[in-house]
Amino acid sequence: MLDPKRLRSQPQAVAAALKRRGFTFDLARFQDLEDRRKELQVHTENLQADRNIHSREIGSAKAKGEDVGPTLESMGHIKEQLSANERALTDLQAELDDFLLGLPNLPADDIPNGKDERDNVELRRYGVPVVPDGVRDHVELGALLGDMDFALATKIAGARFVVLRGSLARLQRAIIQFMLDTHTQQHGYEEIYVPYIVNAASLRGTGQLPKFEEDLFALKGAQQWFLIPTAEVPLTNLLRKEIMDCEDLPKKWVAHTPCFRSEAGAVGRDAKDMILQHQFEKVELVQATRPENSAHAHEALTTHAEAILQKLELPYRVVTLCAGDLGFSACKTYDIEVWLPSQKCYREISSCSNFGDFQARRMQARYRNRQTRKPEFLHTLNGSGLAVGRTLVAILENYQDADGSIVIPRALQPYLGGQKKIESGSAHAMFAAGKR
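Residues numbered from 1 in each chain as written. Predicted model: local features only at pLDDT ≥ 70, side-chain atom pairs only at ≥ 80, totals over all residues. Heavy atoms only, no water.

Asker: How would you summarise the environment of Asn-354 if you had to cite specific residues and measurements?
Answerer: Within the element layout of this structure, Asn-354 appears in strand E13 (residues 345-354). The class for Asn-354 is buried, based on a relative accessible area of 7%. Linking Asn-354 and Asp-97, residues 257 residues apart in sequence, is a C-alpha distance of 23 Å. Leave out the neighbours within four places in its chain, and Asn-354 touches Ser-294, Ala-295, His-298, Ala-330, Cys-331, Lys-332, Thr-380 and Leu-381. Side-chain polar atoms of Asn-354 contact the side chain of Ser-294, separated by 3.4 Å. (Helix = DSSP H or I, 4+ residues; strand = E, 2+ residues; numbered from the N terminus. Buried < 20%, exposed > 50% of the residue type's maximum accessible area, 1.4 Å probe, protein only. Contact = heavy atoms within 4.5 Å. Polar contact = N/O pair within 3.5 Å; in protein donor to acceptor, adjacent residues only side chain to side chain.)

This is the structure in structure tokens:
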């Protein structure tokens, strides 16, 4: 949520900043809501003052033995009007809150202008992208291995699901363990196990609700529960309605979870592969910092995600998202894109975002300032470290041999008992020792 004080004092500047990201700030509606709120607030405060005055007059009159009937009648009218005003003020504040919850975060000053991904700016690259002769995509490779089955998943659940068995199920498990070990042992994150179901308040806190409800899987029942779209939601909400000691920051958390997204409106080439799935695995990184440290934390978190790809020796690039391509809650985002030979392009494998105090305001997540000892809003950040399914896809495509076998990246071999290659040519591929 944006700072209400800034909205009231600098509405034109806020409108200009939001315009950078292609969002039209309805200044007239905001001003109308604010004017009505102020008028009703002043009237309510005046009524409260009159009530207090009448209360003192009644007390004084009773002490003197005077008739208090007229004053009591007037007090009754004031209480009725005050009760009506308080209800109206509650309704109006709810309308204003709904309006504010629909406003995206302001883009950081140092990100490029632009409308969409075509205007993103490349920062750096790692590795040399290669397109092998006779390159196969991961769907074909999975079929050759016999361990990736989309038809079976469709029978069980529907489109945009996959069944992994044998060698690929084991490889995915190794990827997850490798990522968790790297982030906890080398990057200083605390591993957290979180619920895969969250309530509506948690999703409002991180910005998925109310705007993006169609992207979520809601559960039927008395409780308003949802399957998590990412571990960002439960991890970040560990801070909701908390006041942290300054000395306890930064918080650095990592979690592996399944993620569930409806992918509403998603069409095209990713409909029958592992790029866009309704259920997928991610290792998620979340940080909470003091405001003065968040820019540095953002750079560090991004390098932590990059380190996974470097250890796996997968080519990738990092881009800064332009204002028009930012996610709703982010003020600045770096996308990490891994090279996929079959598509001859880079595809997103992680988005590393700084949210400033946007999520913290929605969650009432604060820390106690060391100097003033007053609570202030902290800053939150998150990024995939990495999307597991897309990492699996990148390994299959970048480490394929001409016969359809897959060489295991050296960083993963210890997690697979030292085995170095997944051999093709059997219904359930067997791992075999060997060299590339």
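Asker: Account for the packing of aromatic side chains, with residues named and values stated.
Answerer: One pass over the structure, following the stated rule, counts nine aromatic pairs. Grouping aromatic residues by their ring pairs yields a cluster made of Phe-25, Phe-30 and Phe-99. The ring of Tyr-189 carries the charged tip of Lys-252 above its face, separated from the ring centre by 4.9 Å. (Phe/Tyr/Trp six-rings, centres within 6.5 Å; stacked < 30°, edge-to-face > 60°. Lys NZ or Arg CZ within 6 Å of the ring centre and 35° of its normal.)

Asker: Describe the packing of helix H7 (residues 166-185) against helix H12 (residues 388-398), with residues and values.
Answerer: The N-to-C vectors of H7 and H12 enclose an angle of 115°; their axes lie 10 Å apart at closest approach. Considering only the axes of H7 and H12, their crossing is right-handed. In this structure, H7 contributes Leu-168, Leu-171, Gln-172, Ile-175, Ile-176 and Met-179 to the contact, and H12 contributes Val-388, Thr-391, Leu-392, Ile-395 and Leu-396. Within the contact of H7 with H12, the residues separate by chemical class into nine nonpolar, two polar and no charged. (Axes fitted to C-alpha atoms, helices over the stretch in contact; angles between N-to-C directions. Left-handed = near helix turned anticlockwise from the far one by under 90°. Nonpolar A, V, L, I, M, F, W, Y, C, P; charged D, E, K, R; others polar.)

Asker: Would you mind going over the confidence of the model for the protein in detail, with residue names and values included?
Answerer: Taken residue by residue, the protein gives an average pLDDT of 93. The fraction at 70 or more is 95%. Within the model, pLDDT remains below 50 along residues 426-436, and this stretch shows 36 contacts once partners closer than five positions in the same chain are excluded. (pLDDT = per-residue confidence, 0-100.)

Asker: Now, about a nonpolar patch on the surface: what can you tell me, with residues and values included?
Answerer: Side chains of Ile-197, Leu-219 and Trp-225 sit close together on the surface and give an oily, nonpolar patch of about 250 Å² of accessible area. Assignment of secondary structure puts Trp-225 in strand E7 (residues 225-227). On the accessibility criterion, Trp-225 (40% relative accessible area) is partly exposed. (Patch = residues over 30% accessible without salt bridge, like charges linked within 9 Å, V, L, I, M, F, W, Y side chains within 5 Å. Areas by Shrake-Rupley, 256 points an atom, 1.4 Å probe, with all protein chains shown as cover. Salt bridge = Lys/Arg side-chain N within 4 Å of Asp/Glu carboxyl O.)

Asker: I'd love a proper account of the sheet that holds strand E15 (residues 375-377), names of residues and values included.
Answerer: Strand order in this open sheet of three strands is E8-E14-E15, and the pairing throughout is mixed. With one partner strand each, in any of the chains shown, strand E8 (243-245) and E15 form the two edges of the open sheet. Each adjacent strand pair in this sheet contributes to an overall mean axis angle of 40°, direction not counted. For strand E14 (residues 366-368) and E15, the ladder comprises three bridges, and the chain directions are antiparallel. Counterpart to Tyr-367 in the pairing with E15 is Glu-376. (Pairing = 2+ DSSP bridges.)

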